[in-house]
Amino acid sequence: MNVRSGTERGGPIGIFDSGLGGLTVYHAIRSKLPQYDYCYLGDTARTPYGSRSFDTIYRYTLQGVKALFEQGCPLLILACNTASAKALRTIQQRDLPQYFPGRRVLGVIRPSVERVGTLSQSRKVGLFGTSGTVRSESYVLEFRKLFPDLVLYQEACPMWVPLVENNETATPAAEYFVRRHVDALMDREPDIDTIILACTHYPLLLPLIRKFVPGNVQIVNQGPEVAERLEDYLQRHPEIEKQCLKNSRQRFLTTGTAEEFESLAAAFFPEPLNAEHIELG
Ligand code: DGL
């Protein structure tokens, strides 16, 4: 890989997602830290990642990471839970030291776990995620490490991403599938007092999720947590922070067509945007 090991001239903060859903996380980051430049890359041509194998998700994510490093990003956020669950650890432990020393990649799992660990009183926590995220057990492992007293109940919701992507969030079909998974989770453990929305798309189903989740249960939406932890990370790592350009510029790259990205992005991101096509490989 012929990517420079450092970013001598600095660059944007990179945001990677399997598609458009990561725009929910990016929106929260940009609202909190508007001074930085950002480069968002959505692998919309190959989305969704949620039901793919470990090897495929790792390979696709590494290609995205490499492409963002080629844009000069000193620091990347994997906004995608599935990619964070299945590829982040290998990229951090194996690929960064070997190919990209000096660059950093962060995920969305640890910020969410840290937040939930301090919120839950009953120490019984629920999680909604894609099949890939649930099967990876990444959240289970992170909780075991940071909050071993806490019990996590996971519920895979394979229909929720397609519902959001097809703009079906306010339909009887969405009601049916949201209620079904909320009931399944709460039936398993009625003392759950905190639930993580461990998928980029689920904030768009929040009104429905709230409708069916008991009123005392707190719902953790990842965007603001990730934004807060990023701010904290940048304060604690001035050597990375000084490489992050601060002209408030943003670029959007997609492996699909720019037109499709621009029109579908509206559901996830409140500003009009211009996208550019990129090939990964
Ligand atoms: N971005 C993915 C996540 O957060 C959801 C979409 C997909 O399955 O690729 O898990």
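Residues numbered from 1 in each chain as written. Predicted model: local features only at pLDDT ≥ 70, side-chain atom pairs only at ≥ 80, totals over all residues. Heavy atoms only, no water.

Trainee: What's the story with the site of the ligand in this structure? I'm lost.
Mentor: Among the 14 residues in the neighbourhood of the ligand, the closest are listed as Ser-18, Tyr-49, Gly-50, Thr-82 and Thr-200. A distance of 2.6 Å separates an oxygen atom of the ligand from a polar side-chain atom of Ser-18. One nitrogen or oxygen atom from the main chain of Asn-81 is found 3.0 Å from an oxygen atom belonging to the ligand. Coverage of the ligand by the protein chains reaches 99% of its 290 Å² of free accessible surface. Class assignment for the residues of the shell around the ligand results in five nonpolar, eight polar and one charged. (Near = heavy atom within 4 Å. Polar contact = N/O pair within 3.5 Å; in protein donor to acceptor, adjacent residues only side chain to side chain. Areas by Shrake-Rupley, 256 points an atom, 1.4 Å probe, with all protein chains shown as cover. Nonpolar A, V, L, I, M, F, W, Y, C, P; charged D, E, K, R; others polar.)

Trainee: For this particular structure, what's the right way to read unusual backbone geometry?
Mentor: Trans is the common state for peptide bonds, and a negative phi is the common state for residues other than glycine. Of note, the bond from Thr-47 into Pro-48 is cis; its omega dihedral lies within 30 degrees of zero at 0°. In this structure, Pro-48 sits in the loop between strand E2 (38-42) and helix H2 (54-70). Even without glycine at this site, Glu-137 takes up a positive phi of about 60°. One can find Glu-137 in the loop between helix H6 (131-136) and helix H7 (138-146). We classify Glu-137 as partly exposed; its relative accessible area is 38%. Of note, the phi angle at Asn-167 is positive, near 55°, even though the residue is not glycine. Its location among the elements puts Asn-167 in the loop between helix H8 (160-165) and helix H9 (172-188). (Helix = DSSP H or I, 4+ residues; strand = E, 2+ residues; numbered from the N terminus. Buried < 20%, exposed > 50% of the residue type's maximum accessible area, 1.4 Å probe, protein only.)

Trainee: Looking at this structure, I do not really get the packing of aromatic side chains. What am I missing?
Mentor: One pair of aromatic rings is described through two measures. These are the centre distance and the angle between the planes. The full count for this structure, using the stated rule, is 16 aromatic pairs. Ring geometry for Tyr-40 and Phe-252: centres 6.2 Å apart, planes at 45°, overall tilted. Taken together, the residues span a long stretch of sequence, with Tyr-40 in strand E2 and Phe-252 in strand E9 (residues 250-254) at a distance of 212 residues. The class of Tyr-40 is buried, set by a relative accessible area of 1%. Residue classification places Phe-252 among the buried positions, given a relative accessible area of 2%. With 6.4 Å between their ring centres and 10° between their planes, Phe-54 and Tyr-58 make a pair best called stacked. Of this pair, Phe-54 and Tyr-58 both sit in helix H2, four residues apart, roughly one helical turn. The exposure class of Phe-54 is partly exposed, given its relative accessible area of 39%. Positioned above the aromatic ring of Tyr-60, the side-chain terminus of Arg-46 is 3.7 Å from the ring centre. (Phe/Tyr/Trp six-rings, centres within 6.5 Å; stacked < 30°, edge-to-face > 60°. Lys NZ or Arg CZ within 6 Å of the ring centre and 35° of its normal.)

Trainee: Teacher, can you tell me more about the pattern of salt bridges here?
Mentor: A side chain with one charge can pair with a side chain of the opposite charge if their charged atoms come near. Scanning the model with the defined rule gives 17 salt bridges in all. A salt bridge links Asp-37 to Arg-249; its shortest N-O distance comes to 3.9 Å. Here Asp-37, found in the loop between helix H1 (23-32) and E2, pairs with Arg-249, found in the loop between helix H12 (238-241) and E9; they are 212 residues apart in sequence, far enough to count as distant. Residue classification places Asp-37 among the buried residues on the basis of a relative accessible area of 5%. With relative accessibility at 51%, the residue Arg-249 sits in the exposed group. The shortest N-O distance in the salt bridge between Asp-43 and Arg-46 comes to 2.8 Å. Of the residues examined, Asp-43 reaches a relative accessible area of 0% and is grouped as buried. Through salt bridges that share partners, Arg-110, Glu-114, Glu-142, Lys-145, Arg-229, Asp-232 and Arg-236 make up one connected network. (Salt bridge = Lys/Arg side-chain N within 4 Å of Asp/Glu carboxyl O.)

Trainee: For this particular structure, what's the right way to read the packing of H2 against helix H4 (residues 88-99)?
Mentor: Each pair of packed helices can be described by the angle between their axes along with the distance between the axes. At a minimum axis separation of 11 Å, H2 and H4 run at an interaxial angle of 50°. As judged from the angle between their axes, H2 and H4 are oblique. Seen along the crossing, H2 lies across H4 with a hand that is right-handed. Facing Phe-54, Tyr-58, Thr-61, Leu-62, Val-65 and Phe-69 of H2, the residues of H4 in contact are Thr-90, Ile-91, Arg-94, Asp-95 and Leu-96. Here the residues of the contact of H2 with H4 are counted per class, giving seven nonpolar, two polar and two charged. (Axes fitted to C-alpha atoms, helices over the stretch in contact; angles between N-to-C directions. Parallel < 35°, antiparallel > 145°, perpendicular 65-115°, else oblique. Left-handed = near helix turned anticlockwise from the far one by under 90°. Contact = heavy atoms within 4.5 Å.)

Trainee: Looking at this structure, I do not really get the pairing of E9. What am I missing?
Mentor: The side chains of a regular strand alternate, residue by residue, between the two faces of the sheet. Direction of pairing for E2 relative to E9: parallel, over a ladder of five bridges. Bridge assignment links Tyr-40 to a residue of E9, and that residue is Phe-252. In this sheet, strand E10 (residues 275-277) lies alongside E9 in parallel orientation, the contact comprising three bridges. Opposite Thr-254, over in E10, you have His-277 as the bridge partner. Running through helix H13 (residues 258-265), the crossover from E9 to the neighbouring parallel element E10 is right-handed. (Pairing = 2+ DSSP bridges. Right-handed = clockwise from strand over helix to strand, strands pointing away.)

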